[in-house]
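Observations on the model geometry
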Amino acid sequence: LKVLNDTYRSLGSALGSAALRPVAVLCVDAPPGAFDVNVTPDKRQVFMQAESALVACLEAALRKVWEPSRYTYEVVSGGDA
């Protein structure tokens, strides 16, 4: 999903986010009739009736997970300089 990449990149550093790619497995529980998997023969696209609400919820959840570490950096002591 585009929202996954966009949110990840917006919260990461310019150098770090260019080198890393997020990986996600999404499990969306939706009632019958709220989606259509018969868009393409290979079933790689799905139409959702409330897609904008789903995307907004996903973005909020991603920010909740990733934002606390937005400006945290690991400091490694190097020994004798």
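Data block above holds the structure.
Only a predicted model underlies this, so the values are computations on that prediction, with no experimental measurement involved.

**Here's the deal with the overall build of the chain**
Scanning the chain from terminus to terminus reveals three helices and two strands. Starting at the N terminus and walking to the C terminus, you meet the elements of the chain as α-α-β-β-α. When burial is assessed residue by residue, the chain has 12% of its 81 residues classed as buried. Taking contacts inside the chain between residues at least 6 apart in sequence as the whole, the part at least 24 apart equals 46%.

**Section: the packing of helix α1 (residues 2–11) against helix α3 (residues 51–66)**
At their nearest, the axes of α1 and α3 sit 10 Å apart, and the two run at 30° to each other. Considering how the two elements wind past one another, α1 and α3 form a crossing that is right-handed. Contact residues: V3, L4, T7, Y8, S10 and L11 in α1; V55, L58, E59, L62, R63 and W66 in α3. Residue composition of the contact of α1 with α3, by class: eight nonpolar, two polar and two charged.

**Considerations on a nonpolar patch on the surface**
A cluster of nonpolar residues, L26, V28 and L54, forms a patch on the protein surface that exposes about 240 Å² of accessible area. You can see V28 is positioned in the loop between α2 (14–19) and β1 (35–36). With a relative accessible area of 46%, V28 lands in the partly exposed category.

**Description of the pattern of salt bridges**
When charged atoms on two side chains of opposite charge get close, those side chains can pair. Counted according to the given criterion, the structure contains one salt bridge. Here R63 makes a salt bridge to E59, at a shortest N to O gap of 3.5 Å. Separated by four residues within a single helix, R63 and E59 lie in helix α3, roughly one turn from each other. The class for R63 is partly exposed, based on a relative accessible area of 26%.

**Concerning the environment of N38**
Turning to its location among the elements, N38 is positioned in the loop between β1 and β2 (47–48). Of the polar contacts made by the side chain of N38, one reaches the side chain of K43; its length is 2.9 Å.

The rules behind each value
Residues numbered from 1 in each chain as written. Predicted model: local features only at pLDDT ≥ 70, side-chain atom pairs only at ≥ 80, totals over all residues. Heavy atoms only, no water. Helix = DSSP H or I, 4+ residues; strand = E, 2+ residues; numbered from the N terminus. Buried < 20%, exposed > 50% of the residue type's maximum accessible area, 1.4 Å probe, protein only. Contact = heavy atoms within 4.5 Å. Axes fitted to C-alpha atoms, helices over the stretch in contact; angles between N-to-C directions. Left-handed = near helix turned anticlockwise from the far one by under 90°. Nonpolar A, V, L, I, M, F, W, Y, C, P; charged D, E, K, R; others polar. Patch = residues over 30% accessible without salt bridge, like charges linked within 9 Å, V, L, I, M, F, W, Y side chains within 5 Å. Areas by Shrake-Rupley, 256 points an atom, 1.4 Å probe, with all protein chains shown as cover. Salt bridge = Lys/Arg side-chain N within 4 Å of Asp/Glu carboxyl O. Polar contact = N/O pair within 3.5 Å; in protein donor to acceptor, adjacent residues only side chain to side chain.

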